[in-house]
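An overview of the molecular structure
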Amino acid sequence: MTWVGKSLQRKEDGRLIRGQGLFADDEHSDSMLHLYILRSPYAHARIASIDVSAAQALPGVACVLTGSDIKEQCVPYMQLGPAPCDKIVDLPLATDKVIFQGEPVAAVAADSAAIAMDAGLLIEVEYEMLDAVVDPEEALEDKILLHEAAATNRTYHDVFEYGEVDKAFSDAAHVVKINRLHFHRFASTPVENNACTAEWNQRGDLDFLCNNSFAGFSMQLLAPSLRLPVEKLRIRSYDIGGSFGVKIWNYVYMALAALASRKCGGRKVKWSETRTEHLQGSGHGNERTFLDTEVALDKDGVITAIKSRHIDDCGAYPRYEPLGCIIWAQVLPATYGVRNFRIDFTQTVTNKCPVVPNRGYSRMQHLWFMERIVDICAHELAIPADEMRLKNYIREFPYETPNGCIYDSGNYPAMLEKAKQMIDWDGWKQKQIEAREQGRLLGIGIGTTLDSGTNNFGQAQIMNPNLPFSGNSEVCIICLDLDGSVVVSLGTGPSGQGHETTTSQVVADELNIDPSMITVRTGFDSAWNAFSGHSGTYASQFAVSGLSAVYGACQKLKAQMRQLAGFMLKADAAELEFGVGEEGPQLSVKGTDKSINYWFMSNLVNSNNALLDDSLADVTLNVRHVYRPPFEVPDTEKKFGNLTLTYAAQLHIAVVEIDTDTCRPNILAYAAIDDCGKVINPQIVNGQVAGGTAHGIGAVLMESFDYDEVGNLLTATFSDYCPLTVMNMPDVQYGSIETPSPFSYNGAKGMGEGGGAPLHTLSAAIQDALYAEGIIVTDSHHSAPRVFERLRAPNREATVSVESRRVGAQ
Amino acid sequence: MYPAPFQYHRAKTVDEAVGLLAGIGEGARVLAGGQSLLAILKLRFDEPTDLVDIGRIANLDQIDDAGEVINIGALATHNRIGASAIAEAIPIVSDCANGIADNQVRNLGTIGGSVASGDPSCDWPTLLHTLDGEILCQGPDGARTLDINGFVEDLYQTALKPAEIITGLRFKKPAAGSGGAYCTFKRCAPAYPTIAVGVQLTIRNGQVDSSRIALGSAGLTPIRASAAEAELTGGSLGADEINKAAEAAVAAADPYDDRRGSAEFKRQLIATLTKRAIAIAQRRAGGETVKNSPEYY
Ligand SMILES: Cc1cc2nc3c(=O)[nH]c(=O)nc-3n(C[C@H](O)[C@H](O)[C@H](O)COP(=O)(O)OP(=O)(O)OC[C@H]3O[C@@H](n4cnc5c(N)ncnc54)[C@H](O)[C@@H]3O)c2cc1C
């Protein structure tokens with residue numbers, strides 16, 4: 001019996017469905033204090049004065065924090081970027097000025113959340129308004145500065161050049177120019193907002209129950225900011241209601257709960273965001289503008305070179321940025337064999353909510369850009385969308401990209417073929433002809449995307465060579481507990497990805513026992529010591545980083561168990577078999593009735609060790625394994641090196657009809673093909689694929705963070721920022737192919753983020769529907785009101801131009 | 001997201017509620033299903049001193065369809081109405097009741113609250129315009145009946161007097177040969193409509209005997225599009241008449257730009273939904289069963 005590859009029911013679901021999950025906000029005690037965070041209503045303003053006296057005087061208020069407390073008690077968070085980022089001061093509360101709407105300016109801890117809010121609203125803040133800048137290009141003019149000490153809004157600029165770009169352009173048969181493309185701002189709003197409880201006791205130990213999803217990293221930034229050794233910080237999570245990367249950065253504000261707890265003599269303090277706070281002030285996905293794009297193609301429509309200028313808008317504080325200025329390069333050529341690139345990449349701050357590494361982080365934006373290019377070129381050169389892809393797809397694997405990334409495996413043409421069959425491509429093509437005759441706007445679009453998993457943190461050094469990060473790792477501890485039960489601890493702290501289940505599957509196969517006999521601890525706890533500085537759930541990596549750690553730990557445990565069993569049973573290690581006997585999990589000697597069960601093995605090591613001799617001194621039955629993928633530090637000068645270990649792929653096809661009356665893009669058919677190599681648990685993979693598809697469709701049709709010109713977020717509630725619900729979800733047909741990765745022990749590739757496939761696919765389908773109307777799809781958001789505007793303002797002439805010449809005919 | 005402190009009172013009878021409201025005065029608000037009021041309080045758009053909960057007043061949620069006139073108690077929830085015999089008999093009522101928000105809201109929100117809100121995005125006032133409804137009220141000066149026309153005076157303002165509450169709504173059963181449709185276009189279930197259009201047509205021998213057209217979310221109040229009705233009445237629903245009615249509906253509306261879309265976009269939706277609602281109403285008037293639910297973006 002093997003468990004890997006089966007749709008084992010999720011172990012987590014029993015408790016979650018019964019309401020027995022434990023989320024950060026579920027923690028409750030009567031003596032607990034509740035934190036209210038007062039936030040700036042303005043996007044850019046100087047704080048002239050803060051008067052907290054009325055708040056402090058309200059019965060039930062335990063303490064109030066303002067920027068001046070914070071300045072004394074916190075070291076600004078470490079900035080990842082090179083100069084001038086090092087001049088940026090990022091603290092949990094604004095001190096001298098606010099730079100985005102929703103930025104915390106004060107915090108109140110009180111006996112109840114209601115009292116805390118009442119008190120918060122009694123705080124009088126006097127603001128002096130400053131002009132705000134929300135447009136990234138305008139921000140780069142530096143007329144309005146967010147971080148005056150940095151003297152510029154620009155957080156990053158560099159040129160990524162590979163191959164022979166100028167030569168490719170002079171040899172080109174066609175040059176397609178696209179003057180502007182724009183990837184809009186949205187986020188994958190998790191169901192559970194940010195929350196934590198903090199208790200900073202008088203011995204100086206600080207304990208958090210939280211929903212941070214990248215604890216290994218967060219601890220390294222949070223502890224020094226609070227002037228604590230990491231050892232004094234305990235971070236725990238239990239169930240997390242989704243993160244999608246958004247919860248990587250909640251520690252910035254977890255600090256407030258901690259500081260309030262210390263100020264209140266160590267009482268526990270809970271911070272729990274409301275939805276509007278979450279939408280205004282937690283984290284958005286990166287917004288990106290692509291300017292002056294030029295694409296060189298040969299006479300057959302094969303793309304030979306791309307030049308472009310990209311401006312990434314990271315909102316008010318860089319935080320995880322400017323890492324996103326490099327991360328996109330994991331998928332530089334997308335799924336295409338283009339060898340020559342010149343990408344001029346700039347990032348700027350603006351008076352908007354800071355960005356976070358949201359699902360599909362930075363690669364999705366770039367992949368959308370590449371797909372728009374391929375799609376627009378196909379239309380301009382009258383090459384059918386499927387043929388255009390087939391001409392340009394990478395076909396040989398492993399494939400080294402122009403910037404040194406190694407695509408492990410894949411078969412994009414096979415995915416395209418499968419998706420076409422599934423959706424009935426030929427049938428829809430016929431229906432499209434009929435629809436056009438009737439004046440209906442029906443389009444068919446293809447989106448091919450990549451989900452690069454298990455990243456090499458060395459890429460951070462391309463951005464800032466002084467950063468002390470490279471490689472990647474994950475940790476697993478597996479032990480036989482005092483009673484012989486198998487207990488596994490991980491550093492991943494999942495947020496719905498089913499790690500307890502897939503880990504059990506791997507361990508069950510390795511020990512040849514049933515998954516129900518394995519306990520995988522829920523959540524994260526730094527006290528387990530099962531973490532590294534890379535530990536967390538992010539960047540589509542569990543199936544590789546996490547399960548490789550589990551597999552490695554199993555090998556170490558099995559070696560010890562063989563040694564111990566061999567000694568007790570007087571047998572050779574090679575004669576021993578793992579399995580389940582009458583007394584539970586055991587090792588037995590092949591072909592005999594001699595066996596030793598897990599209870600006795602654990603008993604010998606833990607409570608009965610006079611029976612053992614010195615040869616067994618190293619047998620602890622409690623092993624810790626750190627998985628380290630084989631990475632090197634990239635060449636930071638040339639920006640060259642392998643940035644990610646595995647490349648899962650998705651290919652989606654959508655048929656969309658634009659209702660010419662309501663302007664709603666109706667999805668008539670949708671097929672999604674996934675390739676994440678060896679699938680550990682099909683049901684879990686399907687869940688991830690469905691969720692990623694829903695997030696993408698929601699982003700295209702409904703979800704957009706819209707700011708007005710003074711920096712007010714206009715979509716700050718769920719009735720304005722409408723996240724996709726099941727009512728808006730079309731029927732999606734799912735399929736898969738499997739190209740095992742040669743770089744993971746199990747052939748799996750990291751998956752989960754999904755590469756934003758629906759953004760590429762629906763943009764392409766809408767393009768196909770509207771091309772004949774003189775419209776080029778230049779944006780990633782297509783809500784009905786936006787389509788209405790688009791239909792009334794054809795933009796092809798102003799957006800695209802094609803220069804063609806007959807090559808070789810001179 | 002917590003309301004400012006307030007005193008809570010639970011009334012057992014209409015008289016008690018009216019008495020409490022009159023006694024407390026300006027700072028008091030009626031609490032029914034709470035689906036509009038609680039959001040307003042939580043966002044601190046309003047900070048009343050007292051809430052008078054009428055939610056437990058007995059028998060105020062009854063639906064009586066025995067006679068020619070249908071009476072709906074103010075406390076009848078959207079879901080109660082949506083699952084009632086009248087929703088089955090009068091499909092436009094089902095369109096409206098079952099299209100409001102999501103189940104959670106429909107389980108608690110009441111028709112009385114919807115009408116009392118004076119919110120142009122609330123569906124019931126628009127529907128009551130379509131069905132020529134009346135509002136039954138009771139206040140310190142006793143009971144009175146108001147016409148739905150003119151009841152919503154301005155944004156969030158109604159003709160209710162201080163301490164007066166709505167006790168019920170009523171409208172005549174549509175005549176035989178009458179059919180209606182209530183069409184909405186909205187971003188998602190828990191969002192208010194971008195535009196709503198209600199149409200009720202009585203058709204005899206292929207001719208429109210009478211028509212009612214009302215618009216929701218199309219201005220500061222619900223709007224009765226009388227000029228659009230006039231385009232249809234007496235005609236036979238030819239394409240030209242329908243287009244003219246749609247144009248007249250657009251002309252009657254006064255939409256504004258917001259996150260749901262620009263005023264121009266909304267005008268296009270008004271024209272579209274008017275035509276769609278007429279088409280469904282026509283088929284229903286002819287005895288056909290037509291499914292109709294909100295269209296989401
Ligand atoms: C997420 C969400 C989405 C929604 N979407 C829609 C939608 O698409 N369409 C729609 O129509 N509605 C929608 N609603 C509103 C919902 O229909 C409410 O139920 C309704 O507007 C108010 O009814 P209520 O019983 O909840 O009233 P309450 O919220 O209790 O009260 C609303 C107002 O009316 C007053 N009031 C209530 N009852 C009476 C009475 N009998 N006499 C006098 N005054 C009274 C109150 O004082 C208050 O001012 C939505 C609500 C939510 C939360």
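Digging into the state of the cysteines
Scanning all chains against the criterion turns up zero disulfides over all chains. No disulfide involves Cys405 of chain A; its nearest neighbouring cysteine sulfur is the one of Cys325 of chain A, lying 16 Å away. On the accessibility criterion, Cys405 of chain A (0% relative accessible area) is buried. Cys188 of chain B carries a free sulfur, and the closest cysteine sulfur to it, the one in Cys722 of chain A, is 3.4 Å from it. Residue Cys188 of chain B is classed as buried on the basis of its relative accessible area, which comes to 0%.

With respect to the nonpolar core
Judged by nonpolar contacts, the single largest core of 217 residues is most densely connected at Leu35, Phe208, Leu226 and Ile306 of chain A together with Leu215 of chain B. The contacts of Leu226 of chain A, once residues within four sequence positions are left out, are Cys74, Trp200, Leu206, Ala255, Ala258 and Leu259 of chain A.

Quick word on the domain arrangement of chain B
When the domains of chain B are assigned, the result is domain 1 (7–53) and domain 2 (178–296). Just the C-alpha atoms count here: the centres of domain 1 of chain B and domain 2 of chain B sit 35 Å apart.

Focus: the pattern of salt bridges
Applying the stated rule across the entire model yields 67 salt bridges over all chains. Among the salt bridges present, the one from Lys270 of chain A reaches Asp25 of chain A, with a minimum N-O distance of 3.3 Å. One end of the pair, Lys270 of chain A, is in strand β12 (residues 269–272); the other, Asp25 of chain A, is in the loop between α1 (13–17) and β1 (33–39), with 245 residues separating them in the sequence. With a shortest N-O distance of 3.7 Å, Arg80 of chain B and Asp61 of chain B are connected by a salt bridge. Separated by 19 residues along the polypeptide, Arg80 of chain B in helix α3 (residues 78–82) and Asp61 of chain B in the loop between β3 (50–53) and β4 (63–64) bring together distant segments of the chain. Take Arg80 of chain B: its relative accessible area is 36%, and that puts it in the partly exposed class. Of the residues examined, Asp61 of chain B reaches a relative accessible area of 24% and is grouped as partly exposed. One connected set of salt bridges, linked through shared partners, spans Asp659, Asp661 and Arg664 of chain A together with Arg276 and Glu295 of chain B.

Quick word on the pairing of strand β20 (residues 486–490) of chain A
Residues and elements named next belong to chain A. The element β20 is extensively covered by neighbouring structure, given that five of its five residues are classed as buried. A two-sided burial pattern is seen for β20, the buried positions comprising Val486, Val488 and Leu490 on one face and Val487 and Ser489 on the other. The turn linking strand β19 (residues 474–480) back onto β20 is made up of five residues, and Gly484 within it adopts a positive phi angle of 90°. Where β20 lies against strand β21 (residues 518–520), three bridges are found, and the strand directions are parallel. Residue pairing across strands places Val486 opposite Ile518, the latter belonging to β21.

Overview of the interface of chain A and chain B
Listed by partner, the interface residues are 27 residues for chain A and 26 residues for chain B. Between chain A and chain B, roughly 2,400 Å² of surface is buried when both sides are summed, and carbon and sulfur atoms account for 60% of that area. On inspection of chain A and its partner chain B, the count reaches seven salt bridges. Arg259 of chain B serves as the salt-bridge partner of Asp706 of chain A, at 2.5 Å between the closest nitrogen and oxygen. At the boundary of chain A with chain B, the tally comes to ten residue pairs in polar contact (both at pLDDT 80 or more). Of all the secondary structure elements, the ones that give two or more residues to the side of chain A that touches chain B are α4 (113–120) and α21 (784–791) of chain A. Along the lines of polarity and charge, the residues of the side of chain A that touches chain B split into twelve nonpolar, seven polar and eight charged.

Quick word on the site of the ligand
All names here are of chain B. Around the ligand, the surrounding shell holds 30 residues, and the nearest of these are Val30, Gly34, Leu37, Thr110 and Asp123. Here an oxygen atom of the ligand sits 2.5 Å away from a polar atom, N or O, in the main chain of Val30. Contacts to the ligand include His78, whose side-chain N or O atom sits 2.8 Å from an oxygen atom. The fraction of the free accessible surface of the ligand (960 Å²) that becomes covered by protein chains is 90%. With three residues, the top contributor of residues to the shell around the ligand is helix α7 (residues 111–116). Residues of the shell around the ligand, tallied by class, amount to 18 nonpolar, ten polar and two charged.

Brief notes about the packing of aromatic side chains
Ring pairs (aromatic) are described by centroid distance and by the angle formed between their planes. Residue and element names in this part refer to chain A. Taken as a whole and assessed by the stated rule, the structure comprises 29 aromatic pairs over all chains. For the pair Tyr320 and Tyr361, a centre-to-centre distance of 5.9 Å together with 65° between the ring planes defines the contact as edge-to-face. Remark: Tyr361 occurs in the loop between β15 (340–348) and α11 (363–380) and Tyr320 occurs in the loop between β14 (303–313) and α10 (324–327); sequence separation between them is 41 residues. Side by side, Tyr320 and Tyr361 carry an identical accessibility label, which is buried. Ring centres of Tyr551 and Tyr745 lie 3.9 Å apart, and the angle between their planes is 20°; this geometry places the pair in the stacked category. With a gap of 194 residues between them, Tyr551 in helix α17 (residues 542–569) and Tyr745 in the loop between β29 (733–736) and α20 (757–770) connect regions that are remote in the sequence.

Rules behind the numbers
- Residues numbered from 1 in each chain as written.
- Chains lettered and ligands numbered in written order.
- Predicted model: local features only at pLDDT ≥ 70, side-chain atom pairs only at ≥ 80, totals over all residues.
- Heavy atoms only, no water.
- Disulfide = S-S within 2.5 Å.
- Buried < 20%, exposed > 50% of the residue type's maximum accessible area, 1.4 Å probe, protein only.
- Core = buried A, V, L, I, M, F, W, Y, C linked by side-chain atoms within 4.5 Å.
- Contact = heavy atoms within 4.5 Å.
- Domains from an automatic or database assignment.
- Salt bridge = Lys/Arg side-chain N within 4 Å of Asp/Glu carboxyl O.
- Helix = DSSP H or I, 4+ residues; strand = E, 2+ residues; numbered from the N terminus.
- Pairing = 2+ DSSP bridges.
- Buried area = accessible area lost by both parts, 1.4 Å probe.
- Polar contact = N/O pair within 3.5 Å; in protein donor to acceptor, adjacent residues only side chain to side chain.
- Nonpolar A, V, L, I, M, F, W, Y, C, P; charged D, E, K, R; others polar.
- Near = heavy atom within 4 Å.
- Areas by Shrake-Rupley, 256 points an atom, 1.4 Å probe, with all protein chains shown as cover.
- Phe/Tyr/Trp six-rings, centres within 6.5 Å; stacked < 30°, edge-to-face > 60°.

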